[in-house]
Amino acid sequence: MSQARLAPGVVPGRLTPHELAANFADVAPPLDDHEARVAADRCYFCHDAPCITACPTSIDIPLFIRQIATGTPDAAAMTIFHANILGGMCGRVCPTENLCEGACVRTEAEGKPVAIGALQRYATDGLMAQAGHPFRRAAPTGKRVAVVGAGPAGLACAHRLAAKGHEVVIFEARPKPGGLNEYGIASYKAVDGFAQAEVDWLLGIGGIALRHDQRLGRDVTLESLRAEYDAVFLGMGLGGVNALRAEGEERRNVLDAVSFIRDLRQASDLTALPVGRDVVVIGGGMTAVDAAVQAKLLGAENVTIVYRRDQSQMGASRHEQNHATSAGVRIICNAAPLKVHGNGAVVEVEFAHTAVDPDGGLHLTGDRFRLKADQVFRAIGQRLDGVPQDLALDGGKIAVDGFGRTGVPGVWAGGDCAAGGDDLTVTAVAQGRDAAEDIDAHLTGRPVELPG
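Keep in mind it's a predicted model, so treat the numbers as computed, not measured.

Engineer: Would you take a moment to explain the environment of Cys90 for this structure?
Structural biologist: Tracing the backbone through its elements, the reader meets Cys90 in helix H6 (residues 87-93). As a C-alpha pair, Cys90 and Asn181 span 91 residues in sequence and 9.5 Å in three-dimensional space. When residues no more than four places from it in sequence are discounted, the contact partners of Cys90 are Asn84, Gln120, Thr425 and Val426.

See below:
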């Protein structure tokens, strides 16, 4: 046992390297050939498949599963990639229980859906492991497009534009591409550097240049990009983190969950990453669950998620909630933070139970309680910062139409920074892809070709 396991405060090395390696292994190991064929045989290959409708990228799921069942997994991968070029990551991180698998007719009939996500990963991993890139660029068009942000939306947009013969330059604010796939998901969902491997594979199509440490508003402006390029796509995600608005939240060891997940994913040695003994995570979405589970896997003794509404209203799926509780995380609902107590550093957090108003709002009750905490993570959402003044906003995000067009001529947007999304990788991919089709139509006069 590590000597630091029960140490007070926020310290590194609570677990041994062997324990950490086991804790952060692939949470859903890939299917082998036999398992994939057995899983594929469960599909009814519905003609009017509800799983396709439930997929934001409209992948022809019955087709790709039939291709696996008939021994042509590479063809299955191409079916997936034509609709979703980041199908490898989506096969790992999509909340399939709420999307394709949730709509699967096997779920209603037997309580167990076809393993669509695992089959998608099986097909895409197999093709990506082969030499070369399966897509080829069209003849050069002479048009140049700037893409701001190398996250799922920006990458999907760039790949589709490159395939159509346009030259693309991606401006990324961080040292690495990938966006939330690289910096914002639990490490055990995408092991062995898969996020970067997927980006490298995607860039294999050619025609895409990547410029790092280029932040919109600091290093480049929308005005300069519009002047230099034929079109601009904005996919920079959300950079700001919402505050708790609780007294004392400036105390030491009160951090945002996004930064914790980022640091964990970029750490070369998990034994050097400090974590508290008593950790409290405030929020109810996927980020809250990812932070809480990983704090537990790093060796925190007590980890509690506190959410202001009922558990049924948590942004994290029921599958993710169950994963958290099975890892030893406690979930407390209908409570909101009032005050962070401590002398310099956090010692405990005071909460009030909440009740629902007739109009659906919340109010604080007089019922209070405190949780011991030496580390607190905020996971109550992110916000869009540094928006160019010319862009109209809708609900704090960039206003766009159904094709991703903003109110500024020649500028499109998609992903988390754009209004109308649901903060999912797969939705960001769909928005980037569809914006690319509309940009291509705008630049060349070709008709827009959208899947589905």
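After that view of the structure, there is still more to cover.
Engineer: Help me understand the UniProt feature "domain: Dihydroprymidine dehydrogenase" (unreviewed entry) in the protein chain, please; the structure alone is not making it clear to me.
Structural biologist: With numbering aligned to this structure, UniProt lists the feature "domain: Dihydroprymidine dehydrogenase" (unreviewed entry) at residues 22-129. The span residues 22-129 is 60% helix and 0% strand, and its two end C-alpha atoms sit 25 Å from each other.

Engineer: When you look at the environment of Gln120 in this model, what are you seeing that I'm missing?
Structural biologist: Its location among the elements puts Gln120 in helix H9 (residues 116-128). Separated by 47 residues in the primary sequence, Gln120 and Pro73 have C-alpha atoms spaced 9.6 Å apart. Not counting residues within four places of it along the chain, the set of residues in contact with Gln120 comprises Ile59, Phe64, Ile80, Gly87, Cys90 and Gly91.

Engineer: Looking at this structure, how should I read the side chain of Gln321?
Structural biologist: Note that Gln321 resides in helix H16 (residues 318-326). Gln321 sits in the buried class, given a relative accessible area of 3%. Polar contacts involving the side chain of Gln321 include one to the main-chain carbonyl oxygen of Ala316, which spans 2.9 Å. In contact with Gln321, not counting residues within four places along its chain, are Gln311, Met314, Ala316 and Ile331.

Engineer: Teacher, can you tell me more about the sheet that holds strand S14 (residues 362-372) here?
Structural biologist: Paired through their backbone hydrogen bonds, the strands of a sheet run either parallel or antiparallel. In space, the 3 strands of this open sheet follow the order S12-S13-S14, with antiparallel pairing throughout. Unpaired on one side and paired on the other, strand S12 (335-343) and S14 mark the two borders of the sheet. Strand-to-strand twist in this sheet, taken as the mean axis angle between neighbours without regard to direction, amounts to 25°. Inspection of the sheet shows S12 paired to strand S13 (residues 345-356) by 8 bridges, in the antiparallel sense. Bridge assignment links His341 to a residue of S13, and that residue is Glu348.

Engineer: Please clarify how a nonpolar patch on the surface should be interpreted in this entry.
Structural biologist: Taken together, the side chains of Phe403, Val448 and Leu450 present a nonpolar region at the surface, about 210 Å² in accessible area. With respect to the helices and strands, Val448 occurs in the segment after helix H17 (425-444). By relative accessible area, Val448 is classed as partly exposed at 32%.

Engineer: Can you walk me through the UniProt feature "domain: FAD/NAD(P)-binding" (unreviewed entry) in the protein chain in this structure?
Structural biologist: Those places that UniProt annotates as "domain: FAD/NAD(P)-binding" (unreviewed entry) correspond, in this numbering, to residues 144-432. With 25% helix and 29% strand, residues 144-432 has its two end C-alpha atoms placed 16 Å apart.

Engineer: Looking at this model, I keep getting lost on the pairing of strand S2 (residues 144-148). Mind explaining?
Structural biologist: Remember that side chains alternate between the two faces of the sheet whenever the strand is regular. Counting buried residues along S2, 4 of its 5 residues qualify, which places the element largely inside the surrounding structure. The sheet contact formed by S2 and strand S3 (residues 167-171) spans 5 bridges and is parallel. The partner of Val145 across the bridge, within S3, is Val168. For the crossover from S2 across helix H10 (residues 152-163) to S3, the handedness is right-handed. Sheet topology note: the S2/strand S5 (residues 231-234) ladder contains 4 bridges and is parallel.

Engineer: Honestly, the sheet that holds strand S10 (residues 302-306) in this entry has me stumped. Any pointers?
Structural biologist: Spatial strand order, S7-S15-S9-S10-S11: 5 strands in an open sheet with parallel pairing. What marks the edges here is a single partner per strand, and that holds for strand S7 (254-256) and strand S11 (330-332). The mean angle between the axes of side-by-side strands here comes to 25°, regardless of whether they run parallel or antiparallel. When strand S9 (residues 278-282) meets S10, the two strands line up parallel, connected through 5 bridges. Across the sheet, residue Val279 finds its bridge partner in S10, namely Val303. In the packing of helix H14 (residues 257-266) onto the sheet, contacts are made with S7 and strand S15 (375-378), and the angle to S7 comes to roughly 75°. Here helix H15 (residues 286-297) sits on the sheet and contacts S9 and S10; the angle it forms with S10, its principal contact strand, is near 170°.

Engineer: For this particular structure, what's the right way to read the packing of aromatic side chains?
Structural biologist: Two numbers describe a pair of aromatic rings. These are the distance of the centres and the angle of the planes. Applying the stated criterion across every chain yields a total of 4 aromatic pairs. Residues Phe171 and Tyr229 carry aromatic rings whose centres are separated by 6.1 Å and whose planes lie at 85° to one another, so their mutual orientation is edge-to-face. One end of the pair, Phe171, is in strand S3; the other, Tyr229, is in the loop between helix H13 (222-228) and S5, and 58 residues separate them in sequence. Taking relative accessible area as the criterion, Phe171 reaches 4% and is therefore assigned buried. A centroid spacing of 5.3 Å and a plane angle of 15° characterise the contact between Phe351 and Phe369, whose relative ring orientation is stacked. Here the residue Phe351 occupies a position in strand S13, and Phe369 occupies one in strand S14, the gap between them amounting to 18 residues. By the burial criterion, Phe351 is buried, and Phe369 matches it. The ring of Phe45 carries the charged tip of Arg66 above its face, separated from the ring centre by 4.1 Å.

The rules we used
- Residues numbered from 1 in each chain as written.
- Predicted model: local features only at pLDDT ≥ 70, side-chain atom pairs only at ≥ 80, totals over all residues.
- Heavy atoms only, no water.
- Helix = DSSP H or I, 4+ residues; strand = E, 2+ residues; numbered from the N terminus.
- Contact = heavy atoms within 4.5 Å.
- UniProt positions renumbered as here; feature names shortened; annotations may be inferred.
- Buried < 20%, exposed > 50% of the residue type's maximum accessible area, 1.4 Å probe, protein only.
- Polar contact = N/O pair within 3.5 Å; in protein donor to acceptor, adjacent residues only side chain to side chain.
- Pairing = 2+ DSSP bridges.
- Axes fitted to C-alpha atoms, helices over the stretch in contact; angles between N-to-C directions.
- Patch = residues over 30% accessible without salt bridge, like charges linked within 9 Å, V, L, I, M, F, W, Y side chains within 5 Å.
- Areas by Shrake-Rupley, 256 points an atom, 1.4 Å probe, with all protein chains shown as cover.
- Salt bridge = Lys/Arg side-chain N within 4 Å of Asp/Glu carboxyl O.
- Right-handed = clockwise from strand over helix to strand, strands pointing away.
- Phe/Tyr/Trp six-rings, centres within 6.5 Å; stacked < 30°, edge-to-face > 60°.
- Lys NZ or Arg CZ within 6 Å of the ring centre and 35° of its normal.

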